[in-house]
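# Coordinates in review
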Amino acid sequence: MQPTPAVRMGLSVAVATGLYGISFGALSVAAGLSVAQTQALSLLMFTGGSQFAFVGAIGGGGAPALVSASLLGVRNMVYGAQMNTMFAPRGPRKLLQAHVTIDESVACAVGQDDADEQARGFWTGGVGVFLLWNLFTLAGAVLGNALGDPKAWGLDGAATAAFLGLLWPRLHNRDTVTIGVAAAFVTLLLVPVLPQGLPLLVAAAAAAGVAALLGREPRR
């Protein structure tokens, strides 16, 4: 039986994002955390951007990165509300869904039009990323500096490439292109001057504002 488009999308995003866990594992150990502590972050915290910001705080000894980690986690609250409305989970399933509600799983879900495909995309992306992210976090933490600079392997661009692949099919008319360009412009403008995490939140607000001006109800 051939996997559906949503499953293929979820698997490809899981592989691309999971590989980036190698760099997190290596950076975390380099910042002074043990292998066990590093693995606990990926198992329990499980939100890549916040994990990197947290490790940055540990390595730099400064509070700003901790603030950034919290700001980056705010977006998951928005995602959670959206996914709760979309799937209406109950019982233990609700707890599991909450834990794997991340950028990638949400993107795989909202990238589909069919309800069944939305569920397949969410769970394939969310569980797939969780398993591979933790596997490669462990690999990065154990191997540490033997890997060298993660950027030399191109791992810093893997997650970005995956998101571009998810975004591109959604740019199917002038309005969506306008909204995407506006959000990208705001992000690029603010990244050099605001703490990590804030530019994304401002860009999301800008995208919603542009959508409203275009007479559209923001869907995502």
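Because the structure is predicted, anything quoted here is derived from the model rather than measured.

### Focus: the side chain of Asn134
One can find Asn134 in helix α8 (residues 115-143). A distance of 2.7 Å separates a polar atom in the side chain of Asn134 from the backbone oxygen of Phe130. When neighbours within four sequence positions are excluded, Asn134 is seen to be in contact with Gln39, Ser42, Leu43 and Val129.

### Some thoughts on the packing of aromatic side chains
Following the criterion strictly, the structure yields seven aromatic pairs and no others. Ring centres of Phe24 and Phe52 lie 5.5 Å apart, and the angle between their planes is 80 degrees; this geometry places the pair in the edge-to-face category. Within this pair, whereas Phe24 is found in helix α2 (residues 21-30), its partner Phe52 is found in helix α4 (residues 48-60), the two being separated by 28 residues in sequence. Judged by centre distance (5.0 Å) and plane angle (85 degrees), the rings of Phe46 and Phe130 are edge-to-face. Here Phe130 lies in helix α8 and Phe46 lies in the loop between α3 (35-45) and α4, a separation of 84 residues in the sequence.

### Points about a nonpolar patch on the surface
Among the surface-exposed residues, Val35, Leu138, Val142 and Leu143 lie close enough to one another that they form a single nonpolar patch of about 320 Å² accessible area. Considering each element in turn, the nonpolar patch owes the most residues, three residues, to α8.

### A look at helix α10 (residues 174-190)
Relative to the 24 Å expected for 17 residues at 1.5 Å per residue, α10 spans 24 Å between its end C-alpha atoms, a close match to the ideal helical length. The complete set of buried residues in α10 reads Thr176, Ile179, Ala182, Ala183, Val186, Thr187 and Leu190. Seen along its axis, α10 keeps its buried residues to an arc of 130 degrees; they face one direction. Turned more than 90 degrees off the buried face of α10, the exposed positions are Arg174, Val181, Phe185, Leu188 and Leu189.

### Quick word on the UniProt feature "transmembrane region" (unreviewed entry) in the protein chain
UniProt's feature table lists "transmembrane region" (unreviewed entry) at residues 52-74, 122-146, 152-169, 176-194 and 200-216, given in the numbering used throughout. Along residues 176-194 the backbone is 79% helical and 0% strand, and the end-to-end C-alpha distance reaches 26 Å.

### What to know about the nonpolar core
Phe46, Met83, Val100, Phe122 and Val129 are the most contacted members of the largest nonpolar core, which has 17 residues in total. Going through the elements one at a time, α7 (103-110) and α8 are the ones with two or more residues in this core. Per-element tally for this core: the top contributor is α8, with five residues. Those residues within four positions of Phe46 in sequence are excluded, and the remaining contacts are Leu41, Gln51, His99, Val100, Ile102, Gly126, Val129, Phe130 and Trp133. Counting residues in each nonpolar core, the second largest holds nine residues, with Ala183, Leu190, Ala203 and Val210 among its members.

### Things to note about the pattern of salt bridges
Counted by the stated rule, this structure contains one salt bridge. Across the pair Glu117 and Arg120 runs a salt bridge, and its minimum N-O distance is 2.8 Å. Residue Glu117 and its partner Arg120 are located together in helix α8, separated by three residues, close to a single helical turn.

### Brief notes about the side chain of Gln112
Turning to its location among the elements, Gln112 is positioned in the loop between α7 and α8. For Gln112, a relative accessible area of 10% puts it in the buried group. Dropping the residues within four chain positions of it, Gln112 is found in contact with Ala6, Met9, Glu117 and Gln118.

### Here we look at unusual backbone geometry
The general pattern is negative phi for most residues beyond glycine and trans for most peptide bonds. One non-glycine residue, Phe46, lies in the positive phi region at around 45 degrees. The exposure class assigned to Phe46 is buried, which follows from its relative accessible area of 4%. Unusually for a residue other than glycine, Ala88 sits at a positive phi of about 45 degrees. Secondary-structure assignment places Ala88 in the loop between α5 (64-87) and α6 (92-99).

### Overview of α2
In terms of burial, α2 is largely enclosed, as seven of its ten residues are buried. Among the residues making up α2, those that are buried are Gly21, Ile22, Ser23, Phe24, Gly25, Ala26 and Ser28. Taken from the residues just after α2, Gly32 is the one with a positive phi, measuring 115 degrees.

Parameters at a glance
- Residues numbered from 1 in each chain as written.
- Predicted model: local features only at pLDDT ≥ 70, side-chain atom pairs only at ≥ 80, totals over all residues.
- Heavy atoms only, no water.
- Helix = DSSP H or I, 4+ residues; strand = E, 2+ residues; numbered from the N terminus.
- Polar contact = N/O pair within 3.5 Å; in protein donor to acceptor, adjacent residues only side chain to side chain.
- Contact = heavy atoms within 4.5 Å.
- Phe/Tyr/Trp six-rings, centres within 6.5 Å; stacked < 30°, edge-to-face > 60°.
- Patch = residues over 30% accessible without salt bridge, like charges linked within 9 Å, V, L, I, M, F, W, Y side chains within 5 Å.
- Areas by Shrake-Rupley, 256 points an atom, 1.4 Å probe, with all protein chains shown as cover.
- Salt bridge = Lys/Arg side-chain N within 4 Å of Asp/Glu carboxyl O.
- Expected span 1.5 Å × (residues − 1).
- Buried < 20%, exposed > 50% of the residue type's maximum accessible area, 1.4 Å probe, protein only.
- Arc of directions from axis to C-beta.
- UniProt positions renumbered as here; feature names shortened; annotations may be inferred.
- Core = buried A, V, L, I, M, F, W, Y, C linked by side-chain atoms within 4.5 Å.

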